[in-house]
Amino acid sequence: MSLGHTCVDVYQGAVAALVPYFVSERAYTYAAASGIVLAASLLSSVVQPLFGALTDRWAMPWLLPVSTVVGGVGVALSGVFDSYALTLVVVAVSGIGVAAYHPEAARVARVASRGSHTAMGWFSLGGNIGFATAPLLVAAVVATGGLRASPLLVVPALAGAALCAAALREVKAPLAATAAAARAAKGTGADDWASFLRLSGAIVCRSIVFVGLSAFIALYVRERVGGGGEVAGTAGLFVLYIGGAVGTVIGGRLATRYSRVTVVRWSYAVSVFAVAGVVLVPGPLLYGCVALTSAGLYVPFSLHVTLGQDYLPSRVGTASGVTLGLTVSVGGVASPLIGTLADATSLRAALAPLIVLPAIGWLLLRPLREPAGPERPAPAPVEEPPCHDHPARAASAPAHDRRSDEEG
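If you're wondering where the values come from, they're calculated on a predicted model, not measured in any experiment.

### So, the side chain of threonine 248
Argument step 1. With respect to the secondary-structure elements, threonine 248 resides in helix α10 (residues 229-254).
Argument step 2. Assessed through its relative accessible area of 0%, threonine 248 is described here as buried.
Argument step 3. Beyond its immediate chain neighbours, meaning those up to four positions away, threonine 248 contacts Gly121, Ser124, Leu125, Asn128, Tyr298, Val299, Phe301 and Ser302.

### Looking at the confidence of the model for the protein chain
Argument step 1. Averaged over every residue, the pLDDT of the protein chain is 80; the share at 70 or more is 84%.
Argument step 2. Mean pLDDT values for the elements of the protein chain range from 41 in helix α17 (residues 391-396) up to 96 in helix α16 (residues 356-365).
Argument step 3. Counted against residues more than four places away or in other chains, residues 375-408, with its pLDDT under 50, gives 16 contacts.

### Here's the deal with the side chain of threonine 323
Argument step 1. Residue placement: threonine 323 occurs in helix α14 (residues 316-344).
Argument step 2. What makes threonine 323 buried here is its relative accessible area of 4%.
Argument step 3. Within polar-contact distance, the side chain of threonine 323 engages the backbone oxygen of alanine 319 at 2.8 Å.

### Thoughts on a nonpolar patch on the surface
Argument step 1. The grouping of Phe238, Ile242, Val246, Ile250, Leu254 and Tyr258 at the surface amounts to a nonpolar patch, some 540 Å² of accessible area in total.
Argument step 2. By the element assignment, phenylalanine 238 lies in helix α10.
Argument step 3. The exposed category is assigned to phenylalanine 238, whose relative accessible area is 53%.

### Examining the packing of aromatic side chains
Argument step 1. Using the criterion set out here, one finds three aromatic pairs in the structure.
Argument step 2. The interplanar angle of 90° and the centroid separation of 5.9 Å between the aromatic rings of tryptophan 193 and phenylalanine 196 together place this pair among those described as edge-to-face. In this pair, tryptophan 193 and phenylalanine 196 both sit in helix α9 (residues 193-225), three residues apart, roughly one turn of the helix.
Argument step 3. For phenylalanine 196, a relative accessible area of 3% gives the class buried.
Argument step 4. Aromatic side chains tyrosine 298 and phenylalanine 301 sit 5.2 Å apart centroid to centroid with 40° between the ring planes, which places their arrangement in the tilted category. Here tyrosine 298 and phenylalanine 301 have matching classes, each one buried.
Argument step 5. Every member of this aromatic cluster is reached through a ring pair, and the members are Phe210, Tyr298 and Phe301.

Cut-offs used in this document
- Residues numbered from 1 in each chain as written.
- Predicted model: local features only at pLDDT ≥ 70, side-chain atom pairs only at ≥ 80, totals over all residues.
- Heavy atoms only, no water.
- Helix = DSSP H or I, 4+ residues; strand = E, 2+ residues; numbered from the N terminus.
- Buried < 20%, exposed > 50% of the residue type's maximum accessible area, 1.4 Å probe, protein only.
- Contact = heavy atoms within 4.5 Å.
- pLDDT = per-residue confidence, 0-100.
- Polar contact = N/O pair within 3.5 Å; in protein donor to acceptor, adjacent residues only side chain to side chain.
- Patch = residues over 30% accessible without salt bridge, like charges linked within 9 Å, V, L, I, M, F, W, Y side chains within 5 Å.
- Areas by Shrake-Rupley, 256 points an atom, 1.4 Å probe, with all protein chains shown as cover.
- Salt bridge = Lys/Arg side-chain N within 4 Å of Asp/Glu carboxyl O.
- Phe/Tyr/Trp six-rings, centres within 6.5 Å; stacked < 30°, edge-to-face > 60°.

Here it is as structure tokens:
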């Protein structure tokens, strides 16, 4: 499931990586190119809760390989058509495929992990790796063969569909049991909407900070480090992404020792000081603040998903769609506001309000309590060998059993 997640999220990062080639080969304006990115990102995020609601109503594990292929085919066709309208359509279709994948994938991954927070951390890490490696894949294909070579980008989708199909065969029985438990939970009042909404509000704060830094950290590091130019900015962006990958794995491990709510709260608290360091600390120390910020924002990433699922046990798909999609898309919507403020003042002044957002998230998380998670399956009963195989047990066996053995 983690490797399949990598193959799917390649297509979330691939659309942005294709923008320079659209501009150079087709002479798209920056506005036209950004429209393509917006079509993919908004659809892949905003539509996810809809697919989550559908998977809550009907079990649709087949959606995983199908949506993986749809996501890949859309991006693969984006370089084939000269028409801007058709390019926009196929990229939007790719976004829908990505949106259809995540809610059901999060549910299946949770079943496959048997409630392990560490395993869910690896599942989330798979998506992060896919997003980060997308520019390399696009460069390898399109930089050498041009946009006409884009059909080759379908290869990860085919691999991901095969991985999803293999995973589904392994968890067929547990999936059925989980679906039955979710149906039993409906109407029992088990869903804790108040806690789920508080959690979602905190995720929105986290999303605005991370997406805002992703958009502007390269430019900001170039201003603050002094020297290094584009290399310094690229290094800052790399640190932001690699810190997120490490933080995702650490979060799963910490949750095995402490409660998820405790880990998430501390992560948001640390992020307040880390983001303040990004805004206020000059020179090379800025890289350390960026790394700490990235880790603080990504330690709770997979824990957000499992907490949301446990707060809404009868609507796991909806919870996954909101925590993975809708709340994350808000960060992209807020980025233009940061850019507008930076144009009016300075980039440092525009990033300063981001310090407050993790603190707001921490305040929202304070009243939360650890929800009941899915129970691990009980071990299979071990059959006891016959008493006469062990003299000590044979001696303690009922008399009529011993007589039967002697007569035999």
